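# Architecture at a glance
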Amino acid sequence: MFEFIYNILDFSIDLFIKDIKFENYILTALTGIIIAFAIINGVLGGVLALIWGERRLLGRFQQRTGPNRWGPQGILTSTADAIKVMFKEDIVPEEADKYIFNVAPLLLVIPVFIIFSVIPFGISLYAVDINVSVLFILAVTSISGLSIICAAWASANRIAIFSALRSVAMLISYEIPVGLSLVGILLICESMSVMDIVIYQKIPFILIQPVAAMVFFLGSLAEINRTPFDLTEAESELAAGYQNDYSGMKWGLFYLGEFAAAIAAATVFSTLFLGGPNGPILPGIFWLTVKVIAVLFVIIWIRASWPRFRIDQVLNLAWKGLFELTLVNIIVTSIAVIIWTDGEANRLIYIGLANWIFAFPFVFLIFKMLKTKNYDSDNKKLIRYPVGSETPKFHKEKN
Amino acid sequence: MLGFGLIKGLSVTFRNLFSPVFTIQYPDKRVGVFGLAKSKNKSVLALFKENPKQILIAALGMAKVKVKIEQSPRFRGNEFVWYDDRCTACASCAKYCPLGIIEIVTHASEENLQAGGNYEIDKFDIDTGRCMFCGLCVEACPYDALHMGTDFEKGNYLRSELVLDKETLISQVKNPSSWFRPQFEENEYDPWTSEVSDSKEAGRHEKPNDEKIKQDWVNKRKFNG
Amino acid sequence: MSIKSEPITINLGPQHPSTHGVFRMRVTFDGETIIDVEPIFGYLHRGSEKLAEERTYTQVVTLTDRMDYVSSMLNNQGYILAVEKLSSIQPETRGVWLRMIASELQRIASHLVAVGFLIQDLGAWGTPLTYAMREREKILQMFEMLCGARITNSYLRPGGVFMDAPEQFWNNLTSFIEEFPSAIDELEKLLTSNEIIFSRTKDVAVLTPEQAINASITGPILRSTGVQWDLRKNDPYDFYDKVEFDIPTHNAGDNYSRYLLRVQEMRESLKIVKQCVDFIEPGPVRPHHDEVPFLLRPPKGDCYVAIEGSKGELGFYLVSDGSISPYRWHVRSSSLINLTLLRDMLIGTLFGDLFVTFGGIDINMGEVDR
């Protein structure tokens, strides 16, 4: 796509002006600006649509209508929100560290847009093709942890620091399972480039590597601070946590960055595990949109149904549960890759079967991490007297 | 166990995605094309012939229809209904109010007799800004002159306008609620659609005539010592 | 080698989304573990007990509504029983049955609020809360039919009930009795075997029966520790000895059993309502005002009556000196006494358990501060 736009620009400028100095560099810069403009606008439009969609969908799960006043079916609600946020007063606390305070929201928003530069939207619709794009994606997503701790420390607010430290602990712990879960895919495809992974997926990788898909999904939920891992801004406990002291458009950037991160996580998941733009007849960008919407639906569905974890359970889950699952996945996949080498027909099906049979049963062991073995079904029926005592001590007999 | 509890929770929410909404959109709700037709009791084609623009607006989901919330006849609304020719200015309501917001000022006079005696009411103020609508004043009135009202949308810009004085109470539209007034419940009374402006229909009993009052007074004195 | 760390003190102020009302806590943390909790209340104090000395006995009923604003019928019932005992009034039978129906419906509504907000504080973003509110809406509509107001109903009067129930009320009540068990089943299916709720609430903030009795805790908290004590069975008032119901008791004493106990109590209350509807007979609901005048003047003396409120033992102590107002009125509020054990339950737990435990105790600031 880069060459396509470059050629168009070259042709159209040559019609008017013949000879410019540094024509090469100017044209490259212009092409880059146009592509970045298109991606950022697309993502921002997606964020507005996601805000509307989430509020309506959450309302329907709770048997109520979501917002439906502004515009047809309430589409303009997010625009109204954005305008309101822009007009609010911009407050900087007196004891705050001004430079870091102002820079922190940007650190959250910018890496999210960078991720979209390596995602293929179609067969040749991509901005850039690096040959280590998976590593690039993993590296860029870890910058968002920095923004949270910057925001909290610069606010000089005890509750903000509390929530930010929790969040940083969680983000650091979940990067390892997320990274290691992709090793299985890299072993199968023998390349770290997202383009190669997309081309390789005749069968979507979610069916071939179920354990890796589950670990990656839960890890992504933790990285974007979403239920059931949203304890950084647990509204019922800390009332917005690290964003406490932000107002006006800076808070708007935090809000926007969260939703953009959700879209980014959904896009990465659907590219790596669901096949990206692969699909019959219709153009690739249509299929990618459908898959992203499906993944976002599942994310919102989980938000509507499950309560949240506590911090020590979250860390237990990462270090003792998901990390070991990824190790199991790597062992099983590497053995399978050696047995059925590249070039064999139906290779993916055999590897998938090996994963389902040998790796999936380990998933049930995670629930031991959540201390569910204390459940006894006695609580379902009524107990009359205190269990474990012969005579009921405090029950007044009727004379 | 084993994660199935989580899946059960997901299935419950999923099933509720397809059940009807139980909230009420108030004061007006957004309807689609068929909702608009139902609210006006016409078919879609008739509406189209009348004004094609409103079908377009309804198809986008932006048409509005007014909504009325169901209330029971005993609802204690934000207004009072007062029949001035039943009131004798006995001030039972003022004495019984826990907050003391009813103010009654009278002077003795022989003309302009109210139904019960020789007082003329100068002032009968109820301060709805401080009222808690407990209904004890209505319970106290022996002549069924004061009733609770039905409406609740009585917002105002000034606190002084929340005080209902005598002229406002007399000239208001009278929709009494049947709180502590069982005579209204005998014939399926709906305070929203019917109005009781005749004070004779508002009470349980009529005022006994002077002869009877005197006889009762005498009898009580004679036989109870 | 151990790391030296310093405890920090955070003020969870009166304005907070999760304290049930205006309640302030100063919590001291060492890392994420709670070392000390200091509750500060009194932000909602309105002086109800002093105001009652200026009001007549019937006007005080409007004050009792507003104490525990989530269960106002139960407050009314306790107060009216105290007045009846003081003046030796015989209540009318139909009035008593109607009183019991209203009280048990109010208990269901109060437990729905407790369970809904407990799960909301756990972080479930409102879905179980809306299901609970949907059911509570039906109950409040029935109350509106009875007495014209949904929350602050002053429905009870000395000797019985204020007005008889209209026709529409019995229709609504029968359909509610049929539909409610399936609604509780749906709520239970969503929540009771959810692994996340297990891990958040099981074996957290455990109370032993000795601790509970020494601190005068009553209500669902006491029953969750294993002591079977319910004033409706142990010391019956009204017609509770004529209806059959069970008292759920668990003996784990943790947050999970407190949550599950309330759900089971809702089913028992529904059983009581069903039996009351079968037993009720036509008749007057309020004694004539020749026997019980509007301005009641009880003889000199004092009395204490306790009922089983939705949060524990709700006691009313009335002193009369023969005039139209009480000389002294004191309320033994269950929420305030249950709150005294907050510190012992919370020390040693993590910050994530603070609001879950607080929601499990189920207090209401209107009752704590009066």
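Every value quoted in this text rests on a predicted model; they were computed, and no experiment measured them. (Residues numbered from 1 in each chain as written. Chains lettered and ligands numbered in written order. Predicted model: local features only at pLDDT ≥ 70, side-chain atom pairs only at ≥ 80, totals over all residues.)

## Structural notes on the overall build of chain C
In plain terms, the rule: Secondary structure counts use DSSP, requiring at least four H or I residues in a row for a helix and at least two E residues in a row for a strand, with both numbered from the N terminus. Atoms counted for the radius of gyration: C-alpha only. Globule rule: 2.2 Å times the number of residues to the power 0.38. We call two residues in contact whenever the C-beta atoms placed from their backbones are within 7 Å.
Regarding its fold elements, chain C presents 15 helices and 8 strands. In terms of overall dimensions, chain C is globule-like: its C-alpha atoms have a radius of gyration of 21 Å, near the 21 Å expected for 370 residues. Structurally, chain C occupies a C-alpha span of about 85 × 45 × 35 Å along its principal axes. Counted over contacts in chain C with a minimum sequence separation of 6, partners at least 24 positions apart contribute 71%.

## Concerning the overall build of chain B
Here is the rule: Whether a residue is buried, exposed or partly exposed is read from the other C-beta atoms within 10 Å of its own C-beta, which are placed from the backbone; 20 or more gives buried, 12 or fewer gives exposed, and intermediate counts give partly exposed.
Across its full length, chain B holds 8 helices and 7 strands. A total of 225 residues make up chain B; the buried ones form 25% of that total. At a minimum sequence separation of 6, the contacts of chain B that also span at least 24 residues come to 73%.

## A closer look at the packing of helix H12 (residues 249–272) of chain A against helix H13 (residues 284–305) of chain A
All names here are of chain A. Definition in use: Axis lines are fitted through C-alpha atoms, for helices just across the contact stretch, and the angle between N-to-C directions can take any value from 0 to 180 degrees. Oblique is the label for any angle not covered by the other classes, which are roughly parallel (under 35 degrees), roughly antiparallel (over 145) and roughly perpendicular (65 to 115). Handedness of a helix crossing follows the sense of rotation of the near helix relative to the far helix, less than a right angle counterclockwise being left-handed and clockwise being right-handed. Residue polarity is assigned by list, with Asp, Glu, Lys and Arg as charged and Ala, Val, Leu, Ile, Met, Phe, Trp, Tyr, Cys and Pro as nonpolar; anything else, Gly included, falls into the polar class.
Closest axis-to-axis distance for the H12/H13 pair is 9 Å, and the angle between their directions is 120°. Between H12 and H13, the interaxial angle falls into the category oblique. In the crossing of H12 with H13, the sense of the turn from one axis to the other is right-handed. Where H12 approaches H13, its residues Ala-262, Ile-263, Ala-266, Thr-267, Phe-269 and Ser-270 are matched on the opposing element by Leu-288, Lys-291, Val-292, Val-295, Leu-296 and Ile-299. Taken together, the residues of the contact of H12 with H13 sort by class into 9 nonpolar, 2 polar and 1 charged.

## Observations concerning the environment of Phe-136 of chain A
Residues and elements named next belong to chain A. By secondary structure assignment, the location of Phe-136 is in helix H5 (residues 133–141). A sequence separation of 28 residues divides Phe-136 from Ala-164, and the C-alpha atoms of the two residues are 25 Å apart. Ignoring any residue separated from it by four or fewer positions in sequence, one finds Phe-136 in contact with Val-118 and Ile-130.

## Focus: the interface of chain A and chain B
Across the boundary between the two partners, chain A contributes 16 residues, which contact 19 residues of chain B. Residue assignment for the side of chain A that touches chain B shows that the elements contributing at least two residues are helix H2 (23–61) and H13 of chain A. In terms of residue class, the side of chain A that touches chain B is made up of 8 nonpolar, 6 polar and 2 charged.

## Details of the domain arrangement of chain B
Heads up, the rule is: Each domain span listed reflects an automatic or database assignment of domains.
For chain B, the assigned domains are domain 1 (24–69) and domain 2 (80–202). A separation of 39 Å is found between the C-alpha centroids of domain 1 of chain B and domain 2 of chain B.

## A look at the nonpolar core
Worth spelling out the cut-off: A set of buried residues drawn from Ala, Val, Leu, Ile, Met, Phe, Trp, Tyr and Cys, joined through C-beta atoms within 7 Å, is what defines a nonpolar core.
Ala-262, Ile-263, Ala-264, Ala-266 and Phe-269 of chain A together with Cys-137 of chain B are the most contacted members of the largest nonpolar core, which has 219 residues in total. Among residues more than four places away in sequence, those in contact with Ala-266 of chain A are Val-292, Val-295, Leu-296 and Ile-299 of chain A.

## Re the sheet that holds strand E7 (residues 163–164) of chain B
All names here are of chain B. Note the following rule: We treat two strands as partners when DSSP finds at least two bridges between them.
Reading across the sheet, the 3 strands line up as E4-E5-E7 and stay open at both edges, with antiparallel pairing between neighbours. Each having just a single partner strand, strand E4 (102–108) and E7 make up the two edges of the open sheet. By the bridge criterion, 7 bridges tie E4 to strand E5 (residues 119–127) in an arrangement that is antiparallel. For Glu-103, the partnering residue across the bridge sits in E5 and is Asp-125.

## Describing the sheet that holds strand E1 (residues 8–12) of chain C
All names here are of chain C. Strand order in this open sheet of 3 strands is E1-E2-E3, and the pairing throughout is antiparallel. With partners counted over all chains shown, the strands left at the sheet margins are E1 and strand E3 (33–40), one partner each. Ignoring strand direction, the axes of neighbouring strands in this sheet form an average angle of 20°.

## Here's the deal with H13 of chain A
Basically, it comes down to this: One less than the number of residues in a helix, times 1.5 Å, gives the span that helix is expected to have.
Relative to the 32 Å expected for 22 residues at 1.5 Å per residue, H13 of chain A spans 32 Å between its end C-alpha atoms, a close match to the ideal helical length. The set of residues buried in H13 of chain A consists of Trp-287, Leu-288, Lys-291, Val-292, Val-295, Leu-296, Ile-299, Ile-300, Arg-303, Ala-304 and Ser-305 of chain A.

## Section: helix H3 (residues 72–87) of chain C
Residue and element names in this part refer to chain C. Over its 16 residues, H3 extends 23 Å from the first C-alpha to the last, a length consistent with the 22 Å expected when each residue adds 1.5 Å. Extensive coverage of H3 is indicated by the burial of 14 of its 16 residues. Phi for Ser-88, located one or two positions after H3, is positive at around 55°.

## Description of the packing of helix H14 (residues 311–339) of chain A against helix H15 (residues 347–359) of chain A
All names here are of chain A. Taken N-terminus to C-terminus, the directions of H14 and H15 make an angle of 145°; their axes are 10 Å apart at the nearest point. In terms of crossing hand, the pair formed by H14 and H15 is right-handed. Listed contacts from H15 to Val-328, Asn-329, Val-332, Thr-333, Ala-336 and Val-337 of H14 are Tyr-350, Ile-351, Ala-354, Asn-355, Phe-358 and Ala-359. Looking at the contact of H14 with H15 residue by residue, the classes come out as 9 nonpolar, 3 polar and no charged.

## Structural notes on unusual backbone geometry
Residue Tyr-26 of chain B is joined to Pro-27 of chain B through a cis peptide bond whose omega torsion reads 0°. By the secondary structure assignment, Pro-27 of chain B is in the loop between helix H1 (4–16) and strand E1 (28–31). In this structure, Asp-362 of chain C is a non-glycine residue whose phi angle is positive, near 55°.

## Some thoughts on the pairing of strand E8 (residues 328–332) of chain C
All names here are of chain C. Every second residue of E8 is oriented toward a common face, the buried set being Trp-329 and Val-331 and the non-buried set Arg-328, His-330 and Arg-332. Two strands pair when backbone bridges link them, and strand E7 (residues 312–320) and E8 are joined in this way by 5 bridges, in the antiparallel orientation. Bridged to Gly-315 within E8 is Arg-332.

## Overview of the confidence of the model for chain C
Our working definition: The predictor's confidence in any single residue is recorded as pLDDT, a number from 0 to 100.
This prediction gives chain C a mean pLDDT of 86; 99% of its residues lie at or above 70. Scored by ipTM, the complex comes to 0.86, with pTM at 0.87.

## With respect to the environment of Gly-275 of chain A
All names here are of chain A. Among the secondary structure elements, Gly-275 is positioned in the loop between H12 and H13. Here Gly-275 falls in the buried class, since 21 other C-beta atoms lie within 10 Å of it. Once you skip the residues sitting within four places of it in the chain, Gly-275 turns out to touch Gln-201 and Pro-204.

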